[in-house]
Amino acid sequence: MIQLLSDVARRAAHYLDGVNHRSVAPSPEALDNLRKLDGPMPDTPSDPAEVLSLLDEVGSPATVATTGGRFFGFVIGGTLPAALAANWLAGAWDQNACMQVMSPIAAKLEEIVQGWVIDLLGLPSGSGTGFVTGTTMANFSGLAAARSAVLKRAGWNLEEDGLIGAPPIRVVVGQEVHVSVLRALTMLGLGRSRVISVPADGQGRMRADSLPVLDDRTIVCIQAGNVNTGAFDPAREICARARDAGSWVHIDGAFGLWAAVSPLYAALLDGVGDADSWAIDCHKWLNVPYDSGIVAVRDPEHLRRALSWGSAAYLTQGSGREPCQFTPDASRRARGVELWAALRSLGRSGLREMIERNCRQAQLFAERLRAAGFSVLNNDVVLNQVLVSFGSPEETRRVVSEIQADGTCWCGGTVWQGQTAMRISVSSWATTDDDVEKSAAAMVRIATAVAK
């Protein structure tokens, strides 16, 4: 076992040492070689060292270099050194984070991280959290708490009586709502087509002056950080309207909530703390390994009631916070280990520096692309997202494809308010200014060639 783990460490170090010197996307040959991992299930055991060797030699070249400094797609961060090392240690510990009795260390680290994150993001003191897989499940969990609380106010016990015959709930979203919110609403039985969509402005911010009449059976979903432009919905105004009407406000703050750690960007989150629930991603801008997200709810009891799975004779409940009472999962990995390590290693100043550096680098991308004559669609680059058009939809799609094939960096395509664009998301601790300059130069070179 010790020799195998030493070999793993050597191979992983070799991979990381070369990740910035290779193409960000895997080569066609590397993808073709993946067939070597296929075949019939072996009838007899294999030597673990040989299994590891095959996995590394075939699998490593076929990865996308998301942990390097020049991957700018999908709001994907890298993995901080301390978080990666903690992830390895947590794997060796093999802890089930379901209950205190199963893993006191996992339960304690979740309590610590809960306090740190609530404080860092300026959320209400006493809020409860659940540690989930990512934003989709954080949205699901927050909206489950919302559904339960709204129906309870209407005199309906959702947990006992279910949705059949329940009073109707209205859900209000912005025109630029993220698909993870709609997916969560679908899983919760609230539907996608039944939502009321509020128009957005040119940067994707929900227009508070277009909100419908709200009441105490309404859930309002707003964004803190649009996935295309980085823009923030006007939380202060929306939350005030909702509070007066008795409505619940849920905030999808996957990556944008982390901007609260910087005095340069905290004003963007004005009023966010007035909401009732929040979805936070950690494998994006906090740069911990997949998968990791947090749901936070102002009143922990709403979250516990919505997600608690009751009791059984063989489940020993502790006197403190039981992790399983605040997530949809029972058995799950101890993802709080790497969250604690990431936050402890960065500290407040390190986290602030990383957020501010990525935002400055996004502005640098916009400056370089504008100077080359290309159109940056989010004129006000408020955070870490940049949208650029290289001309016609066909030209832009071709540029995106050729940038991906070139390998210097990786960006994805999108459609923003009817216009085809390339999206640049700067989310990694590993991204340097040199990475930005190299990537911007490749973008300009390729786009200029396509225009000819």
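Within each chain, residues carry numbers counting from 1 in the order of the written sequence. This being a predicted model, a pLDDT of at least 70 is required before a residue's local features are given, and a value of 80 or more before pairs of side-chain atoms are given or counted; all residues contribute to the totals for chains, interfaces and linings. By convention in this description, side-chain values take in all heavy atoms of the structure and omit both hydrogens and water.

*Asks:* Quick question: what am I supposed to make of the nonpolar core here?
*Replies:* Taken as a class, soluble globular proteins show a tendency for nonpolar side chains to be buried jointly. Core analysis: the biggest nonpolar cluster contains 54 residues, and W258, L286, L351 and L383 have the highest contact counts within it. Looking at this core, the elements with two or more residues in it are α5 (104-120), β4 (218-223), α9 (235-245), β5 (248-252), β6 (277-281), β7 (293-297) and α11 (336-371). Put simply, DSSP marks the helices as runs of H or I at least four residues long and the strands as runs of E at least two long, and each gets a number from the N terminus on. Counting residues per element, this core draws most heavily on α11, which supplies 8 residues. Pairs of residues are marked as contacts when any of their non-hydrogen atoms sit within 4.5 Å. Once residues within four sequence positions are removed from consideration, W258 is found in contact with V117, L121, I280, D281, C282, W285, L286, L351 and I355. Note on terminology: a nonpolar core comprises buried Ala, Val, Leu, Ile, Met, Phe, Trp, Tyr and Cys residues joined through side-chain atoms within 4.5 Å. To sort residues, take the accessible area from a 1.4 Å probe on protein chains only and compare it with the maximum for the residue type: under 20% means buried, over 50% means exposed, and anything in between is partly exposed. If you look at the next biggest cluster of nonpolar residues, it comprises 31 residues, including A145, A184, L188 and V195.

*Asks:* Sorry, what's going on with the side chain of E356 here?
*Replies:* Assignment of secondary structure puts E356 in helix α11. Overall, E356 belongs to the buried group, its relative accessible area being 18%.

*Asks:* Before we go on, may I ask you to explain empty space enclosed by the protein in this structure?
*Replies:* It is the rolling of a water-molecule-sized probe over the atoms that shows where space remains empty. Of the grid points, spaced at 1 Å and generated over the protein atoms alone, those admitting a 1.4 Å probe that cannot get out make up cavities, while open sets with protein on both sides within 12 Å along at least five of seven lines make up pockets; any residue with an atom within 4 Å of a point is treated as lining. Grid points are joined across faces, edges and corners, and a volume is the space filled by probe spheres set on the points. If you walk through the whole model with that rule in mind, you get 2 cavities of 30 Å³ or more. A volume near 70 Å³ is recorded for the largest cavity. Lining the largest cavity are 14 residues, and of these G174, V177, C221, Q223 and D233 lie nearest its centre. Ranked by residue count, the leading element in the lining of the largest cavity is β4, at 3 residues. The residue makeup of the lining of the largest cavity, split by class, is 6 nonpolar, 5 polar and 3 charged. Size it by volume and the second largest cavity reaches roughly 30 Å³. Gly is put with the polar residues, along with every residue not named as nonpolar or charged; the nonpolar set is Ala, Val, Leu, Ile, Met, Phe, Trp, Tyr, Cys and Pro, and the charged set is Asp, Glu, Lys and Arg.

*Asks:* Can you walk me through the packing of helix α12 (residues 393-406) against helix α13 (residues 433-451) in this structure?
*Replies:* Where α12 contacts α13, the axes come no closer than 9 Å and their chain directions differ by 135°. The angle between α12 and α13 places the two elements in the oblique class. You can see that α12 and α13 cross each other, and the crossing is right-handed. Taking contact as the criterion, the partners of E395, R398, V399, E402, I403 and D406 in α12 are, on α13, A442, M443, R445, I446, A447, V450 and A451. Residue composition of the contact of α12 with α13, grouped by class: 8 nonpolar, no polar and 5 charged. Axes, fitted as lines to C-alpha atoms, cover a helix only where it is in contact. Angles between the N-to-C directions of the axes lie from 0 to 180 degrees. Should an angle lie under 35 degrees it is considered roughly parallel, over 145 roughly antiparallel, and from 65 to 115 roughly perpendicular; all remaining angles are considered oblique. Rotating anticlockwise by less than a right angle from the far helix to the near helix defines a left-handed crossing, while the corresponding clockwise rotation defines a right-handed one.

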